[in-house]
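A closer look at the structure
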Amino acid sequence: MTPSATPAYRRLSVEERRSQLLDAALGLFAHRAPEDVSLDDVAEAAGVSRPLVYRYFPGGKQQLYEAALRSAAEELRQCFDEPREGPLLPRLSRALDRYLAFVDEHDTGFSALLQGGSVVETSRTTAIVDGVRRSAAEHIYQHLGIPDPGPRLRMTVRMWITAVEAASLIWLDEDKQPPVEELRDWLVEQFVAVLTVTAGRDQQTAALVTALSADG
């Protein structure tokens with residue numbers, strides 16, 4: 001008999017199957033609010049049965065959503081993980097490029113993630129989102145070269161991160177206008193502007209703004 005040309009079936013490992021299901025869920029959450037996505041939808045997108053989804057996520061949709069959220073959160077955290085080499089503002093621009101690319105790709109899912117109000121929102125999901133914000137702030141402190149930022153500088157950085165989130169949501173509402181490159185440059189300019197305002201009240205930030213001016 002002639003050997004079959006059909007490739008042999010390969011059973012996915014536990015981690016591979018879990019990753020497949022998370023990828024399918026993230027793809028759905030990117031375009032639909034979490035409450036509009038069912039386990040049947042995830043099963044269909046992954047090409048598996050509904051009982052298989054339950055086998056990996058016995059907590060059902062809530063557990064799957066939180067796992068997908070953690071996966072998205074990790075990707076967002078990595079956006080600000082830029083090598084600490086060269087001038088600060090180009091580094092910040094590259095980090096924002098990655099952040100805004102994530103916003104663009106995940107669209108509706110990003111809005112649901114930050115705006116809350118979902119039927120699957122819990123204290124755990126809120127903590128996951130807040131963890132992204134805190135991680136972004138820590139990365140920025142490191143980029144600024146300040147291991148121990150004072151309260152005014154910490155507040156300024158976290159206010160700016162909030163402004164970036166708000167601008168991203170408005171950008172989606174405005175049909176992704178202005179162009180993403182213009183939005184990125186605008187956000188970088190706002191970062192410098194808020195630092196400059198804080199510098200008038202805080203010596204640590206004033207020294208930082210002076211260093212940035214010399215760097216640019």
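Procedures and definitions
- Residues numbered from 1 in each chain as written.
- Predicted model: local features only at pLDDT ≥ 70, side-chain atom pairs only at ≥ 80, totals over all residues.
- Heavy atoms only, no water.
- Helix = DSSP H or I, 4+ residues; strand = E, 2+ residues; numbered from the N terminus.
- Buried < 20%, exposed > 50% of the residue type's maximum accessible area, 1.4 Å probe, protein only.
- Contact = heavy atoms within 4.5 Å.
- Axes fitted to C-alpha atoms, helices over the stretch in contact; angles between N-to-C directions.
- Left-handed = near helix turned anticlockwise from the far one by under 90°.
- Nonpolar A, V, L, I, M, F, W, Y, C, P; charged D, E, K, R; others polar.
- Salt bridge = Lys/Arg side-chain N within 4 Å of Asp/Glu carboxyl O.
- Core = buried A, V, L, I, M, F, W, Y, C linked by side-chain atoms within 4.5 Å.
- Phe/Tyr/Trp six-rings, centres within 6.5 Å; stacked < 30°, edge-to-face > 60°.

1. Remarks on unusual backbone geometry
In the segment running from Q177 into P178, the intervening peptide bond is cis, with an omega of 5 degrees. Note that P178 resides in the loop between α7 (151–173) and α8 (180–199). The backbone of D175 sits at a positive phi, close to 55 degrees, despite the residue not being glycine. With a phi close to 60 degrees, K176 is a non-glycine residue in the positive phi region. Structurally, K176 is set in the loop between α7 and α8. Residue K176 is classed as partly exposed on the basis of its relative accessible area of 24%.

2. Structural notes on the side chain of T156
When you line up the elements, T156 lands in helix α7. If sequence neighbours within four positions are ignored, T156 has contacts with V194, L195 and T198.

3. Quick look at the packing of helix α1 (residues 14–29) against helix α2 (residues 39–46)
In the contact formed by α1 and α2, the axes pass within 9 Å of each other and the chain directions differ by 115 degrees. Classified by chirality, the crossing of α2 by α1 is right-handed. Counted together, Q20, L21, A24, A25 and L28 of α1 and D41, V42, A45 and A46 of α2 form the full contact between these two elements. Here the contact of α1 with α2 is composed, by residue class, of seven nonpolar, one polar and one charged.

4. Some thoughts on the environment of Q78
Here Q78 is to be found in helix α4 (residues 61–79). For the pair formed by Q78 and A95, sequence separation is 17 residues and the distance between their alpha carbons is 8.8 Å.

5. Re the pattern of salt bridges
One pass over the full model with this rule turns up ten salt bridges. With a closest N to O distance of 2.5 Å, E82 and R94 form a salt bridge. Of the two residues, E82 is situated in the loop between α4 and α5 (88–115) and R94 in helix α5; the sequence distance between them amounts to twelve residues. According to the relative accessible area criterion, R94 is partly exposed, its value standing at 36%. A salt bridge links R133 to E165; the nearest nitrogen and oxygen atoms lie 2.8 Å apart. With R133 in helix α6 (residues 123–144) and E165 in helix α7, this residue pair connects regions lying 32 residues apart in the sequence. Counted as one network, the salt bridges with shared partners bring together E82, R94 and R98.

6. Focus: the nonpolar core
Counting 62 residues, the largest nonpolar core has L64, Y99, I140, L144, V157, W160 and F191 as the members making the most contacts within it. Not counting chain neighbours up to four residues away, the residues in contact with W160 comprise L92, L96, I140, L187, Q190, F191 and V194.

7. What to know about the environment of L92
As for its placement among the helices and strands, L92 is situated in helix α5. In contact with L92, other than residues within four places in its own chain, are W160, V188 and F191.

8. Here's the deal with the packing of aromatic side chains
All chains considered together, the criterion is met by two aromatic pairs. Their ring planes at 55 degrees and their centres at 5.9 Å tell us that F80 and Y99 sit as a pair that is tilted. On the criterion of sequence distance, the pair formed by F80 in the loop between α4 and α5 and Y99 in helix α5 is long-range, its members being 19 residues apart. Looking at F80, the relative accessible area reads 6%, which means it is buried.

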